[in-house]
Amino acid sequence: MTAPQVTLATAHEHGLTTDEFAQIETILGRTPTFEELGVFSVMWSEHCSYKSSRVHLKTLPTTGPRVLQGPGENAGALDVGDGVAVVFKIESHNHPSFVEPFQGAATGVGGILRDIFTMGARPIANLNSLHFGRPEHARTPFLVRGVVAGIGHYGNCIGVPTVGGEVHFDPGYDHNILVNAFTLGVVASDRIFRAAADGPGNSVLYVGSKTGRDGIHGASLLASAEFDAESETKRPTVQVGDPFTEKLLLEACLELMSPAYSEHLVGIQDMGAAGLTSSSTEMASRSGTGIDLDLSRVPLRERVVTPYEMLLSESQERMLLVVHRGSEEIVQELFRKWDLDAEVIGTVTDSQRLRATFEGRLVVDIPIDPLTDGAPALNRPAAEAAEQETPRLVLADLPEPVDYGEALLQLLASPNLCSREWVYRQYDAYVGGGTIVRPGSDAAVVRLPGTEKAIAISVDSMARFCAIDPYVGMVSAVAESARNLAASGAEPIGVTNCLNFGNPEKPEVMWQFQQAVQGLHDACVAFGTPVVSGNVSFYNETEGSSIPPSPVIGMVGLLEDASQHVTQWFKGDGDAIVLLGRNHEELGGSEYVATAHHQVRGTLPWIDLDVERRLIDVLRAGAREGLLRSAHDVSAGGLAIALAECCITSESSARHGARIDLEDGLRPDALLFGESHGRAVVSARRRHLTRLRELADRAEVPIAVIGEVRGQRLEIGELVALGVDEMHTRWSEAFAGLLGEE
Amino acid sequence: MSAEGNGATGWLARVYVTPKQGVLDPQGKAVQQSLHALGYPEVLDLRLGKYVEVTLAEISRESAETRVREMCERLLANGVIEDFRFDLEASR
């Protein structure tokens, strides 16, 4: 069996440009072998090399007193005190999930879990951010069912709770959905493992599942090329996940990293995108070493797998280890105990080259640097789309709703605001016993094992805002996350991000990207939350039309005392309802304008990061002092939706109504449904109001008592009078209706 | 009256759905490992699929074939990761 001859045409088929092919010939001083061409094509793909994004990502704030590991490793790590660290990251699995929603989403979860336990951390929480097309689109219900089932399948089987996330519907994702998966794990802060290949002479071990032909060129083709009708032919590249094997791999890796075994381990990396190739080159690159691989020793699932396929296979549930010379058998023994393959497939060298032989024949011999740090980095042209004049929204032209109660009910039942219980009831949110607040409140809260502390997590994006203004949209998303954490009582401590965009070769897409990165920078600096990990997903585009700019962030917060956590729903009659922050007449980009008037337009609500920070301080102080019976940030749907959610989102059936009186000279629809930032609705016992007012005054945050928790109706002035049960029914039954279910 | 060749008749379709060649089959792998554990080391490979029986009303063979293939493509098999085949038996 001989590999095909390599020509410029073969290079083009691999997605390499004529220039890049010439560069490869210069680097090697000869024509690459077919295997080498495969290695270059995946390592230089957008997915592995970040060639369009690297220059921009470098500007993000990535340091801080808590940062133990910033970007560049499998995941980021933050010190949370008492010798404990949290490790977390968010990653996209968009294209695979569009092609095969169940397995695509499942393997997305599997991949992000491996990124976390590769570092030595035990995963304790999964979250996700999902963007689907219009509910009316023929394929949407199929995709929603498949993705949700796939996430639930993998997480439930491996025994990691899925504790939160977000689901958005927008026509912009009709042909390119987004599936972003987040995992957080915990580890002793002095026992974080890294992906190093130190020490020439040390052995390279392959552990986990056997290698098949899964996902060959998944990274370079699926994740870096637009979709078109030919996507059909890309179907065989979808991988199938096996969560039970991953559970074995998780336990085996953590045992290897325990004090009893860890002296044997030098470095470890997940074989994710571009499998064996990227894991071996990246490990060697970090250590300034080289790696020799003997592909004849790779454990195979099928009888015939070519060396090219072995190098590029994305078979799931595999890891690459570097262990000390002499430790091989001890480590192999440990993995075999867990029913996993473990083979010595190579050696660390000082050659600074990746060399691979197959049946005695040298098939790959490439210097490491051009594959990693020296890979092409582009500063692509960026320009705002010419026709993008901000479409104005003239309030005077918008008729007010005839019936505000009906308008509120419509919003509660709208695709982007209705209850997500249909989704999260398919997830095991409690496995492991550490979940304090499950999906359905502002942020998920999980206990930090072995401590009194808890971690709050929120995953957010503001795609509609970003479509109007990617800078403001990104800043708004970060602020929303920070408010969600603070409303739960937590201090925001760090951020991971997944930047989903269209084709970076288009200047307008690159402009959106730059704007979003700038927004992420500014907001993270303001909140003091370093960006410690992340992922960029470009080429989210089908037949020439890009998705709206869709940066997603995962923010992590710390509660020093888990018992101080706060949930968003009202707790008891007689409590005072307090609005923190100021209402403005801002309806631009709102869910209300989109739902009631079918327009995505207007000037976005003004956002002042200083105001946000002060609001967060008040919320956190209130939680710490035990003043807050409930706290909920005001975001999509505005003040009226926030109040309705306080009435109906309780985990128990004990729901509460409220009597609200708002004194503001604003247009009633802007007052009720506008999405001005810097606001939160909290409830407190009357005797705590004085102290709460002191806290707010000191932080210069406007505070007003706007009503009382009372009865079983939500009454807002003369505008709204709705039964809590009626609101709950409309809100909770809408999601199944979107999918055409009863 | 003989079932075949006389135009419309009822049918029993036997549909076999199997994982595509090269696609990971976690179920098959688990069953194979269990067989090894039970003392059947000669099992080299095992692929696990599903078997579906579909009883059809009286229609022509041609139409039955077309319809069953369509059912497989649209629902019974996941074309991305599974292959299918079927046969038809005339039934009264």
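The rules behind each value
Residues numbered from 1 in each chain as written. Chains lettered and ligands numbered in written order. Predicted model: local features only at pLDDT ≥ 70, side-chain atom pairs only at ≥ 80, totals over all residues. Heavy atoms only, no water. Helix = DSSP H or I, 4+ residues; strand = E, 2+ residues; numbered from the N terminus. Rg over C-alpha atoms; globule rule 2.2 N^0.38 Å. Buried < 20%, exposed > 50% of the residue type's maximum accessible area, 1.4 Å probe, protein only. Contact = heavy atoms within 4.5 Å. Areas by Shrake-Rupley, 256 points an atom, 1.4 Å probe, with all protein chains shown as cover. Lys, Arg positive; Asp, Glu negative; His and termini not counted. Charge placed at Lys NZ, Arg CZ, Asp CG, Glu CD. Salt bridge = Lys/Arg side-chain N within 4 Å of Asp/Glu carboxyl O. Polar contact = N/O pair within 3.5 Å; in protein donor to acceptor, adjacent residues only side chain to side chain. Domains from an automatic or database assignment. Buried area = accessible area lost by both parts, 1.4 Å probe. Phe/Tyr/Trp six-rings, centres within 6.5 Å; stacked < 30°, edge-to-face > 60°. Lys NZ or Arg CZ within 6 Å of the ring centre and 35° of its normal. Nonpolar A, V, L, I, M, F, W, Y, C, P; charged D, E, K, R; others polar. Core = buried A, V, L, I, M, F, W, Y, C linked by side-chain atoms within 4.5 Å. Pairing = 2+ DSSP bridges. Axes fitted to C-alpha atoms, helices over the stretch in contact; angles between N-to-C directions. Parallel < 35°, antiparallel > 145°, perpendicular 65-115°, else oblique. Left-handed = near helix turned anticlockwise from the far one by under 90°.

Peer 1: Which parts of the structure should I look at to understand the overall build of chain B?
Peer 2: The helix and strand inventory of chain B stands at two helices and three strands. Helices and strands appear in chain B in the N-to-C order β-α-β-α-β. Taking 92 residues into account, the globule formula puts the C-alpha radius of gyration at 12 Å, and chain B, at 17 Å, lies well above it. Each principal axis of the C-alpha atoms in chain B carries an extent, and together these give about 50 × 30 × 15 Å. Counting only residues that meet the buried cut, chain B has 30% of its 92 residues in that class. Within chain B, residue pairs in contact and separated by at least 24 positions form 74% of the contacts whose partners lie at least 6 positions apart. Total accessible area on chain B stands at roughly 6,000 Å², and carbon and sulfur atoms take up 51% of it. Here chain B contributes 11 positive and 14 negative side-chain charges, whose respective centroids are spaced 3 Å apart.

Peer 1: Honestly, the overall build of chain A in this entry has me stumped. Any pointers?
Peer 2: Looking only at helices and strands, chain A has 24 helices and 28 strands in total. In terms of overall dimensions, chain A is globule-like: its C-alpha atoms have a radius of gyration of 26 Å, near the 27 Å expected for 742 residues. In terms of principal-axis extent, the alpha carbons of chain A reach across some 85 × 55 × 45 Å. Relative to its full complement of 742 residues, chain A shows a buried share of 65%. Partitioning the intrachain contacts of chain A with sequence separation of at least 6 by distance along the chain shows that 84% fall at a separation of at least 24.

Peer 1: Honestly, the side chain of Glu46(A) in this entry has me stumped. Any pointers?
Peer 2: Residues and elements named next belong to chain A. Tracing the sequence through the fold places glutamate 46 in helix H4 (residues 46-49). Despite its burial, glutamate 46 pairs with no opposite charge; the closest candidate is arginine 380, at 4.1 Å N-O. Among the polar contacts listed, one links the side chain of glutamate 46 to the backbone nitrogen of lysine 51, at a separation of 3.4 Å.

Peer 1: Is there a simple way to think about the domain arrangement of chain A in this case?
Peer 2: By convention, interface size is frequently given as the accessible area that disappears when the constituent parts associate. Residues and elements named next belong to chain A. When its domains are assigned, chain A resolves into domain 1 (1-62 + 198-377), domain 2 (68-192 + 419-565) and domain 3 (567-742). Across the boundary between the two partners, domain 1 contributes 46 residues, which contact 53 residues of domain 2. Of the roughly 4,100 Å² buried between domain 1 and domain 2 on both sides combined, carbon and sulfur atoms contribute 62%. Here domain 1 and domain 2 share four salt bridges between them. Taking the shortest distance from any N to any O, the salt bridge between glutamate 246 and arginine 114 comes out at 2.7 Å. Linking domain 1 with domain 2 are 11 residue pairs in polar contact (both at pLDDT 80 or more), by the criterion used here.

Peer 1: Is there a simple way to think about the pattern of salt bridges in this case?
Peer 2: Pairing between side chains becomes possible if they bear opposite charge and their charged atoms approach one another. All names here are of chain A. Counted according to the given criterion, the structure contains 44 salt bridges over all chains. With a shortest N-O distance of 3.0 Å, arginine 483 and aspartate 633 are connected by a salt bridge. A residue pair is termed long-range when its members are at least 10 positions apart, and arginine 483 in helix H17 (residues 470-487) and aspartate 633 in strand E23 (residues 630-633) qualify at 150 residues. For the residue pair arginine 483 and aspartate 633, the accessibility class agrees, reading buried in each case. A salt bridge links glutamate 715 to arginine 659; its shortest N-O distance comes to 3.0 Å. With glutamate 715 in strand E27 (residues 713-716) and arginine 659 in strand E24 (residues 658-660), this pair connects stretches of sequence that are 56 residues apart. A network of salt bridges, in which partner residues are shared, links Glu480, Arg483, Glu612 and Asp633.

Peer 1: What exactly am I supposed to notice about the packing of aromatic side chains here?
Peer 2: Scanning all chains against the criterion turns up 11 aromatic pairs over all chains. Taken together, the ring pairs in this structure connect Phe132(A), Phe169(A), Trp422(A) and Phe735(A) into an aromatic cluster. Its end group placed over the ring of Phe98(A), Arg139(A) keeps NZ or CZ at 4.8 Å from the ring centre. A cation over an aromatic ring shows up here: Arg85(B) above the ring of Tyr16(B), its NZ or CZ 4.4 Å from the ring centre.

Peer 1: Is there a simple way to explain the interface of chain B and chain A in this structure?
Peer 2: Each partner contributes to the interface: chain B provides nine residues, whereas chain A provides 15 residues. Interface area for chain B against chain A, summed over the two sides, is near 1,100 Å², with a carbon-plus-sulfur share of 56%. Per-residue buried area on chain B facing chain A is highest for Gly22(B), Leu24(B) and Val80(B); these three make up 50% of the total on that side. In this structure, the connection of chain B to chain A is made through one salt bridge. Along the lines of polarity and charge, the residues of the side of chain B that touches chain A split into five nonpolar, three polar and one charged.

Peer 1: Sorry if this is basic, but what is going on with the nonpolar core here?
Peer 2: As a rule of thumb, soluble globular proteins bury nonpolar side chains together. Counting 67 residues, the largest nonpolar core has Leu520(A), Leu580(A) and Leu619(A) as the members making the most contacts within it. By size, the runner-up hydrophobic cluster in this structure holds 51 residues, among which are Tyr154(A), Ala252(A), Cys253(A) and Leu321(A).

Peer 1: Even after reading the chapter, I still don't get the pairing of strand E28 (residues 720-723) of chain A, so can you show me in this structure?
Peer 2: By the bridge criterion, four bridges tie E27(A) to E28(A) in an arrangement that is antiparallel. What sits directly across from Arg713(A), in E28(A), is Gly723(A).

Peer 1: For this particular structure, what's the right way to read the environment of Arg420(A)?
Peer 2: Residue and element names in this part refer to chain A. By secondary structure assignment, the location of arginine 420 is in the loop between helix H14 (404-412) and helix H15 (421-424). Along the backbone, arginine 420 and glycine 622 are 202 residues apart, and their C-alpha atoms lie at a distance of 28 Å. Excluding its chain neighbours within four sequence positions, the residues that come into contact with arginine 420 are Val167, Phe169, Pro415 and Phe735. Polar side-chain contacts of arginine 420 include one of 2.7 Å to the backbone oxygen of cysteine 418.

Peer 1: Can you help me understand the packing of helix H8 (residues 140-158) of chain A against helix H10 (residues 243-256) of chain A in this one?
Peer 2: Pairs of packed helices are described in terms of their axes, by the angle between the two and the distance that separates them. Residue and element names in this part refer to chain A. Their axes nearest at 8 Å, the elements H8 and H10 cross at an angle of 40°. Relative to H10, the element H8 is oriented oblique. The crossing of H8 and H10 is right-handed. Residue-level contacts link His153, Tyr154, Cys157 and Ile158 of H8 to Pro243, Phe244, Glu246, Lys247 and Leu250 of H10. When grouped by side-chain class, the residues that make up the contact of H8 with H10 number six nonpolar, one polar and two charged.

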